[in-house]
Amino acid sequence: MNRREFNRSMVIAAGGYFIAPRQAPSALRVNGGRIVEHLSALSEFGKNSQGGVSRVAYSEADLLGREYVMGLMRAAGLEVKVDAAGNLVGRRAGTDPARKPLVMGSHVDSVPEGGNFDGDVGSMGAIEVAQTLVENKLTTRHPLEVIIFSNEEGGTIGSHAISGEFNEKYFNLITNSGKTIRDGIRFIGGDPDKLASIRRKPGDIHAYLELHIEQGGILDTEKINIGVVEGIVGITQWEVKIEGFANHAGTTPMNQRRDAMLAAAKFIQAVNQIVTSVPGRQVGTVGKLQAWPGAYNVIPGKVILGLELRDLDAAKVTMLYQKIREEAAPIGKATGTTFNFTETNTIVPAPTDERIRRLIDETAKGLRLTTKWMPSGAGHDAQEVARLGPVGMIFVPSVGGISHSPREFSRPEDIANGANVLLHTLLKLDQMTLQ
Ligand code: GLV
Ligand code: MN
Ligand code: MN
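This is a predicted model, so every value here is computed, not measured.

Draft legend 1. Representation of the overall build of the protein. What the protein contains, in helices and strands, is 12 helices and 15 strands. Compactness check: the protein gives a C-alpha radius of gyration of 23 Å against a globular reference of 22 Å for 435 residues, within 12% of the reference. Counting only C-alpha atoms and orienting by the principal axes, one finds that the protein spans roughly 80 × 45 × 45 Å. Relative to its 435 residues, the protein shows a buried fraction of 55%.

Draft legend 2. Geometry of helix α10 (residues 354-366). Look at α10: 18 Å from first C-alpha to last across 13 residues, which is about the 18 Å you get at 1.5 Å a residue. Where α10 is concerned, the buried positions are I356, R357, L359, I360, D361, T363 and A364. In this structure, the buried residues of α10 make contact with β5 (207-213), β6 (226-232), β13 (350-351), β14 (371-376), β15 (391-396) and α12 (412-431). Positive backbone phi, at 60°, marks R368, one or two positions downstream of α10.

Draft legend 3. Local environment of the coordination of the manganese ion (ligand 2). Here the manganese ion (ligand 2) is held by the protein donor atoms H107 (NE2), D118 (OD) and H212 (NE2), which lie 2.0 to 2.2 Å from it. A gap of 3.6 Å separates the manganese ion (ligand 2) and the manganese ion (ligand 3), which D118 links by coordinating each metal. Of the two residues, H107 sits in strand β3 (residues 102-107) while D118 sits in the loop between β3 and α4 (120-135), which places them 11 residues apart along the sequence. Across the pair, exposure class does not vary: H107 and D118 are buried alike.

Draft legend 4. Representation of the coordination of the manganese ion (ligand 3) in the model. Looking at the manganese ion (ligand 3), one finds its protein donor set to be D118 (OD), E153 (OE), E153 (OE) and H404 (NE2), positioned 2.0 to 2.7 Å from the metal centre. Donor residues for the manganese ion (ligand 3), ordered by position in the chain, follow D-x34-E-x250-H. Judged by its relative accessible area of 38%, H404 is partly exposed.

Draft legend 5. Region of interest: the nonpolar core. Core analysis: the largest hydrophobic core is formed by 51 residues, its most contacted members being V69, M73, M124 and V146. At eight residues, α12 tops the list of elements feeding residues into this core. In this structure, Y58, A84, I185 and M393 belong to the second largest nonpolar core, which totals 32 residues.

Draft legend 6. Just the pattern of salt bridges, in detail. Throughout the structure, instances matching the rule amount to 20 salt bridges. We note a salt bridge from D193 to R186, for which the minimum N-O separation is 3.7 Å. It is possible to trace a salt-bridge network through shared partners that takes in R34, E128 and E135.

Draft legend 7. Inspection of the side chain of D430 at higher detail. Structurally, the position occupied by D430 is in helix α12. Of the polar contacts made by the side chain of D430, one reaches the backbone nitrogen of R141; its length is 2.7 Å.

Draft legend 8. Seen up close, the site of ligand 1. Residues in close proximity to ligand 1 include D118, E152, E153, R310, A378, G379 and H404, which together make up its full environment. Within the backbone of G379, one N or O atom sits 2.7 Å away from an oxygen atom of ligand 1. One of the side-chain nitrogen or oxygen atoms of H404 is found 3.0 Å away from an oxygen atom of ligand 1.

Draft legend 9. Expanded view of the sheet that holds strand β9 (residues 283-292). Sheet architecture is open: four strands sit in the order β9-β11-β7-β12, paired in antiparallel fashion. Unpaired on one side and paired on the other, β9 and β12 (338-347) mark the two borders of the sheet. Across this sheet, the average inter-strand angle for adjacent strands is 20°, counted without regard to direction. Running over the sheet, helix α8 (residues 260-275) touches β7 (234-243), β9, β11 (302-311) and β12 and is turned about 10° from β11.

Draft legend 10. Molecular detail of the pairing of strand β4 (residues 144-149). Counting buried positions along β4 yields six of six residues, so the element is predominantly enclosed. A two-sided burial pattern is seen for β4, the buried positions comprising L144, V146 and I148 on one face and E145, I147 and F149 on the other. Two elements, strand β2 (residues 88-92) and β4, share five bridges in a ladder whose sense is antiparallel. Residue pairing for β4: V89 is matched across the bridge by I147. Sheet topology note: the β3/β4 ladder contains six bridges and is parallel. Residue pairing in the sheet places S106 in a bridge with I148 of β4. Since β3 and β4 lie parallel, the crossover through α4 that links them has a hand, and here it is right-handed.

Definitions and limits used
- Residues numbered from 1 in each chain as written.
- Chains lettered and ligands numbered in written order.
- Predicted model: local features only at pLDDT ≥ 70, side-chain atom pairs only at ≥ 80, totals over all residues.
- Heavy atoms only, no water.
- Helix = DSSP H or I, 4+ residues; strand = E, 2+ residues; numbered from the N terminus.
- Rg over C-alpha atoms; globule rule 2.2 N^0.38 Å.
- Buried < 20%, exposed > 50% of the residue type's maximum accessible area, 1.4 Å probe, protein only.
- Expected span 1.5 Å × (residues − 1).
- Contact = heavy atoms within 4.5 Å.
- Donors = N, O, S within 2.8 Å, 3.2 Å for Na, K, Ca; no water.
- Core = buried A, V, L, I, M, F, W, Y, C linked by side-chain atoms within 4.5 Å.
- Salt bridge = Lys/Arg side-chain N within 4 Å of Asp/Glu carboxyl O.
- Polar contact = N/O pair within 3.5 Å; in protein donor to acceptor, adjacent residues only side chain to side chain.
- Near = heavy atom within 4 Å.
- Pairing = 2+ DSSP bridges.
- Axes fitted to C-alpha atoms, helices over the stretch in contact; angles between N-to-C directions.
- Right-handed = clockwise from strand over helix to strand, strands pointing away.

Structure below.
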């Protein structure tokens with residue numbers, strides 16, 4: 001989809017929707033048309049032939065997209081810095097410099113072959129809220145920050161650095177850009193040797209708000225305007241290395257093989273069986289697999305696959321992982337292979353703040369929008385920020401429940417609604433004492 005087509009699809013879907021900002025704070029509205037324009041312009045960076053983007057973190061497209069976003073942030077009255085982890089941190093002073101910052105944020109990196117809304121809606125929405133405040137000459141009491149976190153899709157790396165939970169073992173992981181995290185951080189203007197300098201402590205923020213697309217189909221199916229997020233799932237990822245023996249595919253009898261791919265197939269089946277063997281909403285995925293040497297006529301001697309488990313309860317993830325490991329041993333024995341597990345990323349489950357949930361709900365209803373309280377099955381930077389202070393998340397519908405796909409789509413009126421809820425929740429939080 002080119003830029004003109006993107007704009008047209010959004011305008012058609014919006015029914016020409018546009019709300020102009022007004023002066024009185026309660027009647028204040030974001031400029032929905034401007035968010036659409038910014039989303040459309042951002043979609044040019046890393047756009048692919050399927051109509052989505054491949055703007056993976058630390059790629060050239062990511063770098064150029066971030067440049068564009070920094071320009072928007074400056075135009076919205078924010079003083080912008082690239083921090084040591086490559087996060088884009090935009091700040092505008094509040095009327096009381098002694099107060100802790102009130103923060104909004106999201107991300108603009110994408111998964112490979114991703115869409116134009118995951119992270120982008122919350123990022124453009126937060127910048128739009130900052131711009132609406134400036135245009136209406138409104139200054140918050142708390143310093144205002146908009147943070148566009150780096151490498152969210154690769155394991156919320158930028159927010160891990162801010163929360164102090166970045167583990168040095170992540171540095172050498174190869175990312176979807178082909179660069180290691182260390183080189184990637186340098187590529188986007190950060191300094192991996194200075195991550196400690198951006199670490200914040202619990203209590204360092206007043207509150208954090210993130211607007212995001214739901215990425216599932218509940219709001220769309222039930223025709224509800226706003227999701228109030230109750231909690232965000234924990235995610236743990238492992239690299240699983242399976243080693244057998246590469247040998248001739250024509251001459252090695254079936255009963256004399258040590259086929260790493262066969263072991264991987266049995267393992268993937270076992271993951272699915274174990275994850276579905278207990279009640280609940282937990283999920284388990286093998287979403288990545290590579291075999292060596294990778295030829296029709298050679299029995300694979302080595303496979304590396306990516307295993308991911310998610311649930312709101314970290315203990316359940318641990319329990320499932322134990323079962324999976326136990327099951328890997330007999331598979332290894334039966335196939336003459338060995339299994340080796342390395343944990344590559346952990347994001348803890350995080351409940352959102354109950355007071356902020358209620359505030360989002362009230363604010364949405366005050367704007368005559370319908371709400372539903374729901375968990376998030378997707379990971380978000382908000383769960384790292386939750387270590388530092390109270391967080392809240394606002395979901396808007398994803399059409400058809402499609403995400404991490406070029407076919408991801410959220411309607412302009414839903415995006416504008418979400419940004420207006422963000423704006424008014426922020427203004428109310430600015431008046432509240434939360435600690
Ligand atoms: C981020 O989008 C995730 O849930 O993996
Ligand atoms: Mn996201
Ligand atoms: Mn995502």
